[in-house]
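Residues per chain are reported as follows:
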Amino acid sequence: MKDLYAEHFKARQSDLDAALEATGFDALVIGAGAPMRYFADDQDAVFRSTPHFNHWLPLEGPHHLLWLRSGKKPVLVRVAPEDYWYEQAPLGDPFWASHFDLREVPGPTEAWNEVDPEGRTAYIGNDGLRAVENGIEQACLNPEELTARLDWNRAYKSAYEVAHLEIAAELGARGHVAAKASFEAGGSELEIHRAFVQGTGSPESDLPYPTIVGLDEKGAILHYTGKRTGIEGRVLLIDAGARSGGYCSDITRTWTRAGCDPIFAEMVKGVDRFQLELCDMVRPGIPYPDIHIAAHVKVGELLHELGVLKLAGEDAMEAGVTTPFLPHGVGHFLGIQVHDIGGHQRDPKGGSQPPPDAHPYLRTTRQIEEHEVFTIEPGIYMIEMLLREHRSGKTAAHFDWSLIDQLIPFGGVRIEDDVLVTGNGHRNLSRVHV
Ligand code: GLY
Ligand code: MN
Ligand code: MN
């Protein structure tokens, strides 16, 4: 990791130099962030660093500052309070430390004493009040173009980042293998969740997002986070990932067992098959929305083959009858954030490239380029709320409603992998493990 990190660090420095030059700033301070405290409480939400901070280094915890200037060694101010309530582990000798002029201070007030906002200094972070109190101009807080330029580059992963994303995928896959075994043994949602967490070897608070463990009909709730006990399922939809060095995996599998409707089981196999075909479309130069559109055509084909829809492929998509079954985008950038930044960004300066009107939930509209990492996650769900409007009216005849009613108790299917774009195709980071 040490050598890979050295390359990654160099790339951060050259991105920074270019972004400062283009926007006329002399320096940038990135705050790791102030924790979020629940209202009228003495507890904080699980802390997540400003992603721009973690893009430079994998140091966790609140209030650290990074003071960045072109041509100067970055100053890293590490806030390390003396405290007996919470663990304050010593830093040790991490592989990244030699790249920084490292200063250790006991608190956030002292941290700012290490920074001299000379010239035009920008600040990125959530503690703008403290930044202004310490000499940053209001107009220089989270400046749009500078931030956009850094966000744009986050889409292109360095070899160091890819190494972490690969580890995160492997750890997540270990969780999935354990979760599948629990499901097959009749585990409840809570038991399957526990098996997943145990399988990753991480504490639950380190997971990149709350696990989605839906048995049967709950699989049709896209972000279901309930954890039912005392329930055995016939279908499991599990969407769960892990982290490494701050980088996330985001993996979904759908498994069936005895008692699952055979047509639903065919649907699971069909989605699994065409998800791989969608992954095979990934290569530099393809607009990401093409994959989303292809997913709808494939949903139309499969549902026609299974007898759920009377129209096939493109005809089904154009009639708008695939949308109730696939009401989310086919994927998103992945990195320090699960839904990594910049999917709609038009160019390095910023701006927006919105998704097509018919597909507002598509999170990625950029052209596919080498070194991007994103998910490919088609699904088919039986969501009564979305099907209801088609049960009468001009599209009703395109559906086999009695078959749909037969499938509704089994929920939904989603298959999600994390893929890296290579020079002429892709590498699937998660399929190799689960
Ligand atoms: N786990 C949330 C998503 O797949 O986007
Ligand atoms: Mn995802
Ligand atoms: Mn997911």
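For the structure, see preceding data.
Basis of the calculations
For every chain, the first residue of the written sequence is number 1, and numbering continues from 1 along that sequence. Chain A is the first chain written and ligand 1 is the first ligand written, with later ones labelled in order. Residue-level local features of this predicted model are given only where pLDDT is at least 70; pairs of side-chain atoms are given and counted only at 80 or more, and the full residue set underlies all totals for whole chains, interfaces and linings. Values reported for side chains reflect all heavy atoms of the structure, with hydrogen atoms and water molecules removed beforehand. What is meant by a nonpolar core is a set of buried Ala, Val, Leu, Ile, Met, Phe, Trp, Tyr and Cys residues, joined one to another through side-chain atoms within 4.5 Å. Type-normalised accessible area, obtained with a 1.4 Å probe on protein chains alone, sets the label of each residue: buried when under 20%, exposed when over 50%, and partly exposed for intermediate values. Per the convention used, a helix needs a DSSP run of H or I reaching at least four residues, while a strand needs a run of E reaching at least two, with both numbered from the N terminus. The contact criterion used is simple: two residues touch if any of their non-hydrogen atoms lie within 4.5 Å. DSSP bridges decide pairing: two strands pair if at least two such bridges lie between them. Note on definitions: angles span 0 to 180 degrees between N-to-C directions of axes, and those axes are lines fitted to C-alpha atoms, for helices only across the stretch in contact. Donor atoms: N, O and S within 2.8 Å of the metal, or within 3.2 Å for Na, K and Ca. Because water is excluded, sites can look incomplete. Geometry is assigned from donor-metal-donor angles: four donors are tetrahedral when every angle falls between 85 and 135 degrees, four are square planar and six octahedral when opposite donors sit over 155 degrees apart with all other angles between 65 and 115, and any other arrangement is irregular. It suffices for a single heavy atom of a residue to lie within 4 Å of a molecule or strand for the residue to be listed as near it. Polar contacts, as counted here, are pairs of nitrogen or oxygen atoms within 3.5 Å of one another; within protein the pair requires one atom able to donate a hydrogen and one able to accept it, and residues that are adjacent in sequence qualify only if both atoms are side-chain atoms. By convention, a stacked pair of Phe, Tyr or Trp rings (six-membered ring in the case of Trp) has centres within 6.5 Å and planes under 30 degrees apart, an edge-to-face pair has planes over 60 apart, and any other such pair is tilted. When the NZ atom of lysine or the CZ atom of arginine is within 6 Å of a ring's centre and also within 35 degrees of its normal, the charge is said to sit over that ring.

1. Let's talk about the nonpolar core
Core analysis: the biggest nonpolar cluster contains 52 residues, and Leu-28, Trp-56, Leu-57, Leu-66 and Phe-100 have the highest contact counts within it. Element by element, the count of residues in this core is highest for helix α1 (residues 2–23), at five residues. The residues touching Phe-100, leaving out its near neighbours within four places in the chain, are Tyr-5, Phe-9, Trp-56, Leu-57, Leu-66, Lys-73, Pro-74 and Leu-76. Among the nonpolar cores identified, the runner-up in size contains 47 residues, and Ala-265, Phe-325, Val-413 and Val-419 belong to it.

2. Section: the sheet that holds strand β17 (residues 426–428)
In spatial order, the strands read β13-β16-β17; together these three strands make up an open sheet with antiparallel pairing. Whereas interior strands pair on both sides, the edge strands pair on one side only; in this sheet they are β13 (373–376) and β17. Mean inter-strand twist for the sheet, computed between neighbouring axes without regard to direction, equals 35°.

3. Regarding the coordination of the manganese ion (ligand 3)
Here the manganese ion (ligand 3) is held by the protein donor atoms Asp-239 (OD), Asp-239 (OD), Asp-250 (OD) and Glu-416 (OE), which lie 2.1 to 2.3 Å from it. Given six donor atoms and angles of 57 to 171° at the metal, the environment of the manganese ion (ligand 3) is assigned as irregular. Expressed as a motif, the donor residue spacing for the manganese ion (ligand 3) is D-x10-D-x165-E. In this structure the manganese ion (ligand 2) is found 3.3 Å away from the manganese ion (ligand 3), and Asp-250 serves as a bridging donor for the pair. Residue Asp-239 is found in strand β7 (residues 235–240), and its partner Glu-416 is found in the loop between β15 (412–414) and β16 (417–421); the two are separated by 177 residues along the sequence. Like Glu-416, Asp-239 is buried.

4. Thoughts on the coordination of the manganese ion (ligand 2)
Binding of the manganese ion (ligand 2) to the protein goes through Asp-250 (OD), His-332 (NE2), Glu-377 (OE) and Glu-416 (OE), at separations of 2.0 to 2.2 Å. Each of the six donor atoms bound to the manganese ion (ligand 2) contributes to angles spanning 51 to 158°, and the resulting shape is irregular. The motif formed by the donor residues of the manganese ion (ligand 2), counted along the single chain, is D-x81-H-x44-E-x38-E.

5. A look at unusual backbone geometry
The general pattern is negative phi for most residues beyond glycine and trans for most peptide bonds. Although it is not a glycine, Asp-216 adopts a positive phi angle of roughly 50°. With respect to the helices and strands, the residue Asp-216 is situated in the loop between β6 (212–215) and β7. Judged by its relative accessible area of 7%, Asp-216 is buried. Of note in the backbone geometry, His-371 takes a positive phi value of approximately 80° without being a glycine. Summarising the element assignment, His-371 is placed in the loop between β12 (350–352) and β13.

6. Some remarks on the sheet that holds strand β1 (residues 27–31)
As summarised here, the arrangement of the five strands in space is β4-β3-β2-β1-β5, forming an open sheet in which the pairing is mixed. In this open sheet, the two edge strands, each paired with only one partner strand, are β4 (101–105) and β5 (121–124). Along the sheet, successive strands turn relative to each other by an average axial angle of 15°, direction set aside.

7. Points about the site of ligand 1
Around ligand 1, a shell composed of Tyr-209, His-223, Asp-239, Asp-250, His-332, His-339, Glu-377 and Glu-416 is seen. In the environment of ligand 1, a nitrogen atom lies 3.1 Å from a nitrogen or oxygen atom belonging to the side chain of Asp-239. Interatomic distance of 3.1 Å between a side-chain N/O atom of Asp-250 and a nitrogen atom of ligand 1.

8. Describing the packing of aromatic side chains
Given two aromatic rings, one states the distance between the centres and the angle between the planes to describe the pair. What the rule picks out here adds up to 15 aromatic pairs. Arranged with centres 5.5 Å apart and planes meeting at 25°, the rings of Tyr-84 and Trp-85 form a pair that is stacked. On the numbers, 4.7 Å between centres and 25° between planes, the contact of Phe-399 with Trp-401 is stacked. Accessibility expressed as a relative area gives 3% for Phe-399, which makes it buried. Put simply, the rings of Tyr-5, Phe-9, Trp-56, Phe-95, Trp-96, Phe-100 and Tyr-160 touch in pairs and so form one group of aromatic residues. If you follow Arg-69 out to its NZ or CZ, it ends over the ring of Trp-67, 3.7 Å from the centre.

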